[in-house]
Amino acid sequence: MLRVLTQLLVLHRRGRASIEAQALSYRSLDVEQIGYVYEGLLDHSAVRATGTVLPLVGPAQPEVPLSTLETHAGDRLVDLLVERMSVGNRRKVTARQVQRWLDEEPDAPSLAALRAACGGDDELAARVRPYWGVLRPDLHGGPLVYGPGALYVTQVGDRRAAGAHYTPKHLAEEIVRHTLDPLCFSPGPVEGADRDSWRVRPAEELLALRVVDVAMGSGAFLVSACRYLANRVVQAWDRDGVPDGLPAGSGSDAEEERLVAARRLVADRCLYGVDRDDMAVEMAKLSMWLVTLARGRPFEFLDHALRRGDSLLGITSLDQLLHLHLDPAQGRQLAGHVSFFDDAAGAMSTALDEAARSRRALESIVVRDVRDAQDKAELLAEAEERTRALRLVADGVVAAALLRAGRPVAEYAAALEGVRRYAEAALSGDSAASAALAGQNRSWLDGGRPEAAPERGCFHWPLEFPEVMAAGGFHAVVGNPPFQGGQRITGAVGTDYRDHLVRWLAGGRRGSADLVAYFFLRAAEIAPQGRIGLLATNTIAQGDTREVGLDRLVERDWSVVRAVKSMRWPGEATLEVAKVWLGRRGGAEPVALDEAVVSGITPSLDPTSRVTGTPYRLAANAGIAFQGSNILGLGFTMTPEEARALIERDPRNAEVLFPYLNGEDLNSRPDGSASRWVINFRDWPIERAQLYPDCFDRVVRLVKPERDRNRDRSRREIWWRFTRPALDLHRAIAGRDRVLVIALTSKVVLPAFVPTGWVYSHACGVFATDDAADLALLSSAPHYWWAISQASSLKGDLRYTPSDVFETLARPELTQRMRDIGERLDAYRRDLMLDRDEGLTKTYNRVHDERETARDIAGLREIHVEIDHAVAEAYGWHDLALDHGFHETRQGVRYTVGPVVRQEILDRLLELNFARHAEEVRRGLHNRRTSGRRPGAGTATLF
């Protein structure tokens, strides 16, 4: 499949007239396969063969020069082929398999096919013949051979580095359907009408809709949108009358002809797409051609609508161009620009009007033959020529912003003077000024990274799609934009690019927002009154990513009208995604969260409730919850046997050697004990650490070399100590025999008592208490669901941040009932885990598995029911029916309280937080600057 599509693309790029005939022979191709091929192409590249190259079989399907194979013989050849054909240990061919393939002998027809593949060159065929059995076949079963100068595709990289994931058909269709339904029916969802009473809009209104995918990849969403809108158009025709020239009958041939005609109209008029990857644009064109294919019609590529460029890098309004600034208000204030505006505004407006006219004309052309296609191409060329100089100036506006990214705004204004110096002459047709401006733009866009030049292709929305943007923007944005964790954006695209996004898209809001948040902001800019339906990483509803994206959109009167908060990506067990639909506020449209109708949806993708807002950190909870030590150096750690040996050698070593507990130990070991020991010199000076030579010498050998390479000066200079020894934690728990510890990243979200006198890793949260009533509280449903609502997640695991979860939790007065049930939980669970030889994670997997009926597990469930009742009683919630049972949640099926009471508990906890904080403020326990409000969940400071 990959080779078939590549052949079509190569023919297209060469401008070969035979492409229609080639493509028609693949009429039966499944369009959805194109996307998966494109996924492969993201880590492939087109390469021109310098000699004869042989495509080989095997999991890796490598392409190997014939000369390389000829330099190997016997076992060396077999070893080479095993290495080249395999993909890791899980998809590895064996030497026996390779030898069996090499031993195959071609029959007479196969030899003839081989000679044909070698272009009739008998000498070349004889050279290739020994490798007959490992040659990869072409679509017709014949051997593949790439001769000198041939263009072929080979693997070069990792598609995940681009944050790209092709969207399966069913997900694309779901996103498209819920995005476009409100636009295609009246009455319909917006009016709150029942589905049976929806009425499709007239075909003319449907064909006036403008839908865009801002990171289209191979066009999965555009294909789905084409099918969806075409079906609605045919539905309208069947009701209102079929246009002249189309059959009106009910036979299958007539229905198919109407559907094909509708798809072509929709593709020509309604659909737009942008992608920074050139191969993606070509694949999308191929996808759209296949879905609109009609026999005898020309191969038509929609060049006017599917464009290459970076959706996030470019202007979105003419004001930014007219005032030569990404912030037009600031541009208007710059001294010396007035004459430029006066002189340039008229020329710019005229050029854009003419470009828009040309594009509207080409959209009205129905392509029936090659002449129609040529007419469209000429009109597109006219439109692009009209805006050529404008693009140069717009590139300069953006390039100056990149050059001064992260610096004071005044420096951006100074850089813009360099753009203005050439802009007027370039707009007047001065070719020398245009060349100088283009060179300056490229230098600034590169940001000192020439290798980034191909990636820095600006996309100026009002110049590329003037007929759409001048009419108010797009009606809908759909797609699956790239996901890229905030910490990885800089490495992938550069510091200047990330600073540019922060300043000009996020309004200066810094943090570790995922790249997808910026695509949400861009979608809102280009469809200011439209609908948005996007797939995103599930962090879109968490921390910095939420604050940069959905929080800002909600502040601007957007509303989340439908969402699925988190689901596993099909086929990717480690990727959790969200589905989000947004629209402008108003109307009677029902709001759905996780397929259930709710009163509203918050930016956290939770149902709205009677109380909203961000909870405050409470002074009453300060100094209780801590994060463990960050040792920064595995050389500090050792096995228990090594620790015992050091203590036997010198008993004084026991003063600096301690069990070292991490989150995995706590959750996986039946007794919650530490599997490693650690050397801890606390905050001692080096002279005191040297008094323990056995341990000090080990740190010198195993820790110091690593610390010497650390960029942080303090970490290099205090290399014999932990980078954060958590001294405040150990002071807080001094004098206690036991302490509560919780794994900060886990699905369990349950603490356990462990001995004091240990070192707890940074993956552990430690509560400075030995009271069993606290164990009951932190093991209760109220605490669990509060943690779920306030913490972030990582691959489905909750990340428990003490400052966000515990410090904001309004705790009840601890009761004797809570204390008794807490002691019972500790003893019962400890015995159960030791008897079963299972840790917390496996034990609670059983608790939440309704198929598990063992008596000891049922007993543990009963204890948790008692805990929840005791905690509810301590809060004074005597009116709550907790509704314990197995309930479906976003965390899977859990034995817990019911969904209705769950939301009520969260509402009451938030109300208590506000009330407690107000009282603490009245008592002067918070300074006026922070007033106890926590920072965003993604940037909360750990103790």
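Residues numbered from 1 in each chain as written. Predicted model: local features only at pLDDT ≥ 70, side-chain atom pairs only at ≥ 80, totals over all residues. Heavy atoms only, no water.

Notes on the overall build of the protein chain
Okay, step 1: Counting its secondary structure elements, the protein chain contains 40 helices and 26 strands.
Okay, step 2: Across the 943 residues in the protein chain, those meeting the buried criterion constitute 55%. (Helix = DSSP H or I, 4+ residues; strand = E, 2+ residues; numbered from the N terminus. Buried < 20%, exposed > 50% of the residue type's maximum accessible area, 1.4 Å probe, protein only.)

Description of the sheet that holds strand E16 (residues 657-661)
Okay, step 1: Reading across the sheet, the four strands line up as E15-E17-E16-E21 and stay open at both edges, with mixed pairing between neighbours. Unpaired on one side and paired on the other, strand E15 (637-638) and strand E21 (759-760) mark the two borders of the sheet. (Pairing = 2+ DSSP bridges.)

Digging into the confidence of the model for the protein chain
For residues with low pLDDT, the predicted coordinates do not support detailed interpretation.
Okay, step 1: When pLDDT is averaged across the protein chain, the result is 85; 86% of the residues are at 70 or more.
Okay, step 2: Throughout residues 450-454 the model reports pLDDT below 50, and contacts reaching past four residues in sequence, or to other chains, amount to four contacts.
Okay, step 3: Predicted confidence is poor over residues 933-943, with pLDDT under 50, and the contacts of this stretch with residues over four places away or in other chains come to 34 contacts. (pLDDT = per-residue confidence, 0-100. Contact = heavy atoms within 4.5 Å.)

Topic: the pairing of strand E17 (residues 676-679)
Okay, step 1: Where E15 meets E17, two bridges bridge the pair, whose relative direction is antiparallel. For Thr637, the partnering residue across the bridge sits in E17 and is Val678.
Okay, step 2: Inspection of the sheet shows E16 paired to E17 by four bridges, in the antiparallel sense. Within the sheet, the bridge partner assigned to Pro659 lies in E17 and is Trp677.

What to know about helix H13 (residues 278-291)
Okay, step 1: Counted at 1.5 Å a residue, the expected span for H13 with its 14 residues is 20 Å, and the 20 Å between its end C-alpha atoms agrees.
Okay, step 2: With 13 of 14 residues buried, H13 lies mostly within the body of the structure.
Okay, step 3: Sitting at the amino-terminal end of H13 is Asp277, which places a side-chain oxygen 2.8 Å from the backbone nitrogen of Ala280. (Expected span 1.5 Å × (residues − 1). Polar contact = N/O pair within 3.5 Å; in protein donor to acceptor, adjacent residues only side chain to side chain.)

Looking at the pattern of salt bridges
Side chains carrying opposite charge are able to pair once their charged atoms draw close together.
Okay, step 1: Counted by the stated rule, this structure contains 46 salt bridges.
Okay, step 2: With a closest N to O distance of 3.5 Å, Arg644 and Glu641 form a salt bridge. In this pair, Arg644 and Glu641 both sit in helix H28 (residues 640-649), three residues apart, roughly one turn of the helix.
Okay, step 3: With a closest N to O distance of 3.0 Å, Asp849 and Arg851 form a salt bridge. (Salt bridge = Lys/Arg side-chain N within 4 Å of Asp/Glu carboxyl O.)

With respect to the sheet that holds strand E14 (residues 625-627)
Okay, step 1: If you trace the four strands from one edge of the open sheet to the other, you get E14-E22-E18-E20, paired in antiparallel fashion. The outermost strands of the open sheet, each flanked by one partner alone, are E14 and strand E20 (752-755). Neighbour-to-neighbour, the strand axes of the sheet open up by a mean angle of 40 degrees, direction not taken into account.
Okay, step 2: Where E14 and strand E22 (residues 764-767) come together, three bridges link them in antiparallel fashion. Paired with Phe626 across the two strands is Val766, which belongs to E22. (Axes fitted to C-alpha atoms, helices over the stretch in contact; angles between N-to-C directions.)

Details of the packing of aromatic side chains
Okay, step 1: For the structure on display, the rule yields 21 aromatic pairs.
Okay, step 2: When the centroid spacing of 6.0 Å and the interplanar angle of 85 degrees are considered together, the rings of Trp461 and Phe474 count as edge-to-face. You can see Trp461 sitting in helix H21 (residues 461-464) and its partner Phe474 sitting in the loop between helix H22 (466-469) and strand E8 (476-479), a full 13 residues away along the chain.
Okay, step 3: Given the relative accessible area of 0%, Trp461 is considered buried.
Okay, step 4: For Phe474, a relative accessible area of 2% translates into the label buried.
Okay, step 5: Seen from their ring centres, Trp719 and Trp720 are 5.7 Å apart, and the 85 degrees between their planes marks the pair as edge-to-face.
Okay, step 6: Taking the relative accessible area as the measure of exposure, Trp720 reaches 9% and is therefore buried.
Okay, step 7: By way of ring pairs, the aromatic residues Phe681, Trp684, Tyr692, Phe696, Trp719 and Trp720 are connected into one cluster.
Okay, step 8: Its end group placed over the ring of Phe185, Arg195 keeps NZ or CZ at 5.7 Å from the ring centre.
Okay, step 9: Positioned above the aromatic ring of Trp785 is the side chain of Arg902, whose terminal nitrogen or guanidinium carbon lies 4.4 Å from the ring centre. (Phe/Tyr/Trp six-rings, centres within 6.5 Å; stacked < 30°, edge-to-face > 60°. Lys NZ or Arg CZ within 6 Å of the ring centre and 35° of its normal.)

A closer look at unusual backbone geometry
Okay, step 1: Residue Ser186 is joined to Pro187 through a cis peptide bond whose omega torsion reads 0 degrees.
Okay, step 2: Look at Leu605: it is not a glycine, yet its phi comes out positive at around 60 degrees.
Okay, step 3: Among the structural elements, Leu605 can be located in the loop between strand E13 (596-598) and E14.
Okay, step 4: Judged by its relative accessible area of 0%, Leu605 falls in the buried class.
Okay, step 5: Its identity as a non-glycine residue notwithstanding, Val749 has a phi of 55 degrees, on the positive side.

Some remarks on the nonpolar core
Okay, step 1: Within the largest apolar cluster, 131 residues are counted, with the highest numbers of intra-cluster contacts made by Tyr518 and Ile540.
Okay, step 2: The contacts of Ile540, once residues within four sequence positions are left out, are Val516, Ala517, Phe520, Thr545, Arg546, Leu550, Ala578, Val580, Pro603 and Leu605.
Okay, step 3: In terms of nonpolar packing, the next biggest core, distinct from the first, is built from 69 residues, Val749, Ala768, Leu775 and Ala872 among them. (Core = buried A, V, L, I, M, F, W, Y, C linked by side-chain atoms within 4.5 Å.)

Focus on the environment of Ala280
Okay, step 1: Within the element layout of this structure, Ala280 appears in helix H13.
Okay, step 2: As for Ala280 and Leu306, which are separated by 26 residues in sequence, their C-alpha atoms are 9.8 Å apart.

Thoughts on the environment of Thr801
Okay, step 1: Along the polypeptide, Thr801 turns up in the loop between strand E24 (797-799) and helix H37 (816-836).
Okay, step 2: A sequence separation of 174 residues divides Thr801 from Gln627, and the C-alpha atoms of the two residues are 8.5 Å apart.

A look at the side chain of Arg908
Okay, step 1: Note on placement: Arg908 falls in helix H40 (residues 899-922).
Okay, step 2: When its relative accessible area of 14% is taken as the criterion, Arg908 is described as buried.
Okay, step 3: Non-local contacts of Arg908, meaning those with residues more than four positions away in its chain, are made with Arg610, Trp877, Asp879 and Leu880.

Quick notes on helix H25 (residues 515-526)
Okay, step 1: Taking 1.5 Å of rise per residue, the twelve residues of H25 would be expected to cover 16 Å, and the 17 Å separating its terminal C-alpha atoms lies within 8% of that figure.
Okay, step 2: Along H25, eleven of the twelve residues are buried, which leaves the element largely enclosed by surrounding structure.
Okay, step 3: Those residues of H25 that sit buried are Leu515, Val516, Ala517, Tyr518, Phe519, Phe520, Leu521, Arg522, Ala523, Ala524 and Ile526.

Considerations on the packing of helix H5 (residues 75-85) against helix H6 (residues 95-102)
Okay, step 1: Where H5 contacts H6, the axes come no closer than 9 Å and their chain directions differ by 110 degrees. Classified by the angle their axes make, H5 and H6 are roughly perpendicular. For the pair H5 and H6, the sense of crossing is right-handed. For the pair formed by H5 and H6, the contact residues are Leu77, Val78, Leu81, Val82 and Met85 on the first element and Ala95, Val98, Gln99, Trp101 and Leu102 on the second.
Okay, step 2: Broken down by class, the residue content of the contact of H5 with H6 amounts to nine nonpolar, one polar and no charged. (Parallel < 35°, antiparallel > 145°, perpendicular 65-115°, else oblique. Left-handed = near helix turned anticlockwise from the far one by under 90°. Nonpolar A, V, L, I, M, F, W, Y, C, P; charged D, E, K, R; others polar.)

Comments concerning the pairing of strand E25 (residues 885-889)
Okay, step 1: In this structure, E25 lies alongside strand E26 (residues 892-896), joined through five bridges in antiparallel fashion. Paired with Gly885 across the two strands is Thr896, which belongs to E26.
Okay, step 2: The turn linking E25 back onto E26 is made up of two residues.

A look at the side chain of Glu174
Okay, step 1: Mapping Glu174 onto the fold places it in helix H9 (residues 169-184).
Okay, step 2: Dropping the residues within four chain positions of it, Glu174 is found in contact with Lys579, Trp581 and Glu595.

With respect to the packing of H9 against helix H11 (residues 220-240)
Okay, step 1: The N-to-C vectors of H9 and H11 enclose an angle of 45 degrees; their axes lie 9 Å apart at closest approach. Taken together, the axis directions place H9 and H11 in an arrangement best described as oblique. Judged by the twist between their axes, the crossing of H9 over H11 is right-handed. Along its contact with H9, which presents Lys169, Ala172, Glu173, Ile175, Val176, Arg177, Leu180, Asp181 and Cys184, the element H11 presents Ala220, Phe221, Ser224, Ala225, Arg227, Tyr228, Leu229 and Arg232.
Okay, step 2: Counted by class, the contact of H9 with H11 contains ten nonpolar, one polar and six charged residues.

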